[in-house]
Amino acid sequence: MATWLGPALKFIGGNAVRYGPLALAWLQQNPDVADRIQEQVSKLRRSDAQSPEAMRKTLESMREQVEYLRDSADDGPERVRAKTWAASLTRLEHAVKMLSAGASKADLKRLRASIDQLRGEILDAFLAEQIEDAGGPAPLERGHG
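A quick note: this is a predicted structure, and the numbers were derived from the prediction, not measured.

Asks: Quick rundown of the nonpolar core? Include the residues and the values.
Replies: Core analysis: the largest hydrophobic core is formed by 18 residues, its most contacted members being Ile115 and Ile122. Within the residue set of this core, elements represented by two or more residues are helix H4 (52–71), helix H5 (76–99) and helix H6 (105–133). Looking at which element gives the most residues to this core, the answer is H6, with 7 residues. Formed by 12 residues, the second largest nonpolar core is a distinct cluster that contains Ala23, Leu27, Ala34 and Val41.

Asks: Now, about the packing of aromatic side chains: what can you tell me, with residues and values included?
Replies: One pass over the structure, following the stated rule, counts 1 aromatic pair. On the numbers, 5.4 Å between centres and 70° between planes, the contact of Tyr68 with Phe126 is edge-to-face. Of this pair, Tyr68 sits in helix H4 while Phe126 sits in helix H6; the two residues are 58 residues apart in sequence, bridging distant segments of the chain. For Tyr68, a relative accessible area of 24% translates into the label partly exposed.

Asks: Would you mind going over the packing of H4 against H6 in detail, with residue names and values included?
Replies: The contact between H4 and H6 brings their axes to 9 Å, and the two run at 30°. Classified by the interaxial angle, the pair formed by H4 and H6 is roughly parallel. As H4 runs across H6, the sense of the crossing is left-handed. Contacts from Pro52, Ala54, Met55, Thr58, Leu59, Met62, Gln65, Val66, Tyr68 and Leu69 in H4 reach Leu108, Leu111, Arg112, Ile115, Leu118, Arg119, Ile122, Ala125, Phe126, Glu129, Gln130 and Asp133 in H6. Class assignment for the residues of the contact of H4 with H6 results in 15 nonpolar, 3 polar and 4 charged.

Asks: Tell me about the side chain of Glu129, residues and numbers included.
Replies: Checked against the element boundaries, Glu129 lands in helix H6. Buried and unpaired, Glu129 has no salt bridge, with Arg81 as the nearest side chain of opposite charge at 5.4 Å. Sequence-distant contacts of Glu129, that is, excluding residues within four places in its chain, are made with Tyr68, Leu69, Ser72, Asp74 and Glu78.

Asks: An account of the environment of Lys57 is requested, with residue identities and associated values reported.
Replies: Of note, Lys57 is situated in helix H4. For the pair formed by Lys57 and Glu93, sequence separation is 36 residues and the distance between their alpha carbons is 10.0 Å.

Asks: I'd love a proper account of the environment of Pro137, names of residues and values included.
Replies: Take Pro137: it is sitting in the loop between H6 and helix H7 (139–144). Expressed as a C-alpha distance, the spacing of Pro137 and Ala23, which sit 114 residues apart in the sequence, is 6.7 Å. What Pro137 contacts, discounting residues up to four positions off in sequence, is Tyr19, Leu22, Ala23, Trp26, Ile131 and Glu132.

Asks: Give a description of H4 that names residues and reports values.
Replies: Helix length check: H4, at 20 residues, gives a terminal C-alpha distance of 28 Å against a target of 28 Å (1.5 Å per residue), a fit within 8%. Every buried residue of H4 is listed here: Ala54, Met55, Thr58, Leu59, Ser61, Met62, Gln65, Val66 and Leu69. Buried residues of H4 fall within an arc of 165° about the axis and therefore sit on the same side.

Asks: So what's going on with the pattern of salt bridges? Which residues, and what values?
Replies: For the structure shown, the criterion picks out 7 salt bridges. Glu53 is paired through a salt bridge with Arg56; the nearest N and O atoms lie 2.6 Å apart. Residue Glu53 and its partner Arg56 are located together in helix H4, separated by 3 residues, close to a single helical turn. For Asp116, the salt bridge is made with Arg119, and the minimal N-O distance between the two is 2.7 Å. With Asp116 and Arg119 both in helix H6 and 3 residues apart, the pair spans about one turn of that helix. Each of Glu53, Arg56 and Glu60 takes part in salt bridges that share partners, so that together they form one network.

What counts and how
Residues numbered from 1 in each chain as written. Predicted model: local features only at pLDDT ≥ 70, side-chain atom pairs only at ≥ 80, totals over all residues. Heavy atoms only, no water. Core = buried A, V, L, I, M, F, W, Y, C linked by side-chain atoms within 4.5 Å. Buried < 20%, exposed > 50% of the residue type's maximum accessible area, 1.4 Å probe, protein only. Helix = DSSP H or I, 4+ residues; strand = E, 2+ residues; numbered from the N terminus. Phe/Tyr/Trp six-rings, centres within 6.5 Å; stacked < 30°, edge-to-face > 60°. Axes fitted to C-alpha atoms, helices over the stretch in contact; angles between N-to-C directions. Parallel < 35°, antiparallel > 145°, perpendicular 65-115°, else oblique. Left-handed = near helix turned anticlockwise from the far one by under 90°. Contact = heavy atoms within 4.5 Å. Nonpolar A, V, L, I, M, F, W, Y, C, P; charged D, E, K, R; others polar. Lys, Arg positive; Asp, Glu negative; His and termini not counted. Salt bridge = Lys/Arg side-chain N within 4 Å of Asp/Glu carboxyl O. Expected span 1.5 Å × (residues − 1). Arc of directions from axis to C-beta.

Okay, structure coming up:
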């Protein structure tokens, strides 16, 4: 479990110091949840491939996570955030299609950076939501406490 949780928790940002140990302890006590999260996190792991096809697959996986986040949203701000991410994914998907016909390495690199930035935000929310939905600690609640 530790091989994927560390990279996943780096996306939690300011909550990592407080939330990381809580999440790790809780996941060790709930291996079924940890296995489910590990499967999803592995889909979102960064690939060094900058091909349009690799980016398209990454965006497809990200869309699955956003749909989960939208469906499990507990309040208005979470729903708005998921809707905003979905719109960003649509824009990135269109950009990938446009660049597929012969983009420069610089254009592909910029697009990949945009995808990586969004993936970090989505992975952060997805990891926390999976743990919270399964009865584990919530990072934002801990951060405000």
